[in-house]
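Given next are the chains, with one letter for each unit.
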Amino acid sequence: MTSKNILASVLFASAALVAGSAMANDNPHTQPVNTASAVSRAEVLADLEIYRESGLAAVEQSETYGYDNARRDAAKAKYAELRSSPYYATLVKKFGGSAPATAVAGR
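Treat the numbers as computed from the prediction; the structure is a model and nothing was measured. (Residues numbered from 1 in each chain as written. Predicted model: local features only at pLDDT ≥ 70, side-chain atom pairs only at ≥ 80, totals over all residues. Heavy atoms only, no water.)

## Some words on the nonpolar core
A46, I50, Y51, L56, Y79, Y88 and V92 are the most contacted members of the largest nonpolar core, which totals 13 residues. Of all elements in the fold, only α2 (41-53), α3 (56-61), α4 (69-83) and α5 (86-94) reach the threshold of two or more residues within this core. Per-element accounting of this core gives the leading share, four residues, to α2. (Core = buried A, V, L, I, M, F, W, Y, C linked by side-chain atoms within 4.5 Å. Buried < 20%, exposed > 50% of the residue type's maximum accessible area, 1.4 Å probe, protein only. Helix = DSSP H or I, 4+ residues; strand = E, 2+ residues; numbered from the N terminus.)

## As for the confidence of the model for the protein
Interpretation of this model should avoid reading the predicted coordinates in detail wherever pLDDT is low. Looking at the protein as a whole, its pLDDT mean stands at 79, while 74% of the residues score no less than 70. When mean pLDDT is compared element by element in the protein, α2 scores highest at 94, while helix α1 (residues 3-24) scores lowest at 66. (pLDDT = per-residue confidence, 0-100.)

## Concerning the packing of α2 against α5
At their nearest, the axes of α2 and α5 sit 8 Å apart, and the two run at 130° to each other. One way to sum up the angle between α2 and α5 is to call them oblique. The interaxial crossing formed by α2 with α5 has right-handed handedness. Note on element contacts: α5 touches α2 through Y87, Y88, L91 and V92, opposite A42, E43, A46, D47, E49, I50 and E53. The residue makeup of the contact of α2 with α5, split by class, is seven nonpolar, no polar and four charged. (Axes fitted to C-alpha atoms, helices over the stretch in contact; angles between N-to-C directions. Parallel < 35°, antiparallel > 145°, perpendicular 65-115°, else oblique. Left-handed = near helix turned anticlockwise from the far one by under 90°. Contact = heavy atoms within 4.5 Å. Nonpolar A, V, L, I, M, F, W, Y, C, P; charged D, E, K, R; others polar.)

## Notes on the packing of α2 against α4
At a closest axis distance of 9 Å, the pairing of α2 and α4 adopts a crossing angle of 145°. Viewed along their axes, α2 and α4 form a crossing whose handedness is right-handed. In this structure, α2 contributes D47, I50, Y51 and E53 to the contact, and α4 contributes Y79, L82 and R83. Here the residues of the contact of α2 with α4 are counted per class, giving four nonpolar, no polar and three charged.

## Re α2
Between its first and last C-alpha, α2 extends 18 Å over 13 residues, near the 18 Å set by a 1.5 Å rise per residue. Within α2, the full set of buried residues consists of A42, E43, A46, D47, I50 and Y51. Contact partners of the buried residues in α2: α3, α4 and α5. G55 occupies a position one or two residues after α2 and carries a positive phi of about 90°. (Expected span 1.5 Å × (residues − 1).)

## Focus on the packing of aromatic side chains
In the structure shown here, the tally under the stated rule is zero aromatic pairs. Sitting over the ring of Y88, R83 keeps its end group 3.8 Å from the ring centre. (Phe/Tyr/Trp six-rings, centres within 6.5 Å; stacked < 30°, edge-to-face > 60°. Lys NZ or Arg CZ within 6 Å of the ring centre and 35° of its normal.)

In structure tokens, the structure reads:
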């Protein structure tokens, strides 16, 4: 066997190993599955509106997030109050949905 044949054999084996490992990474059983959400777009938009109105968004984006516990607790309480109020259902209808006031948007 000449050195040319040995080199060709090594290159072929390397290419086969690379191709095999690339195919092994494309296993459809390990890929994430996209499932339909139980939450409508209107519910998500309504929840986002309440999140902003309660002041929770501003608190979580501030530089004092980890230190201003009283402000964060007040914003969380306001968020929970708005989220469980009929105002949430009004916002859902405003954004084109038809959810009851007790619907929960991913929380």
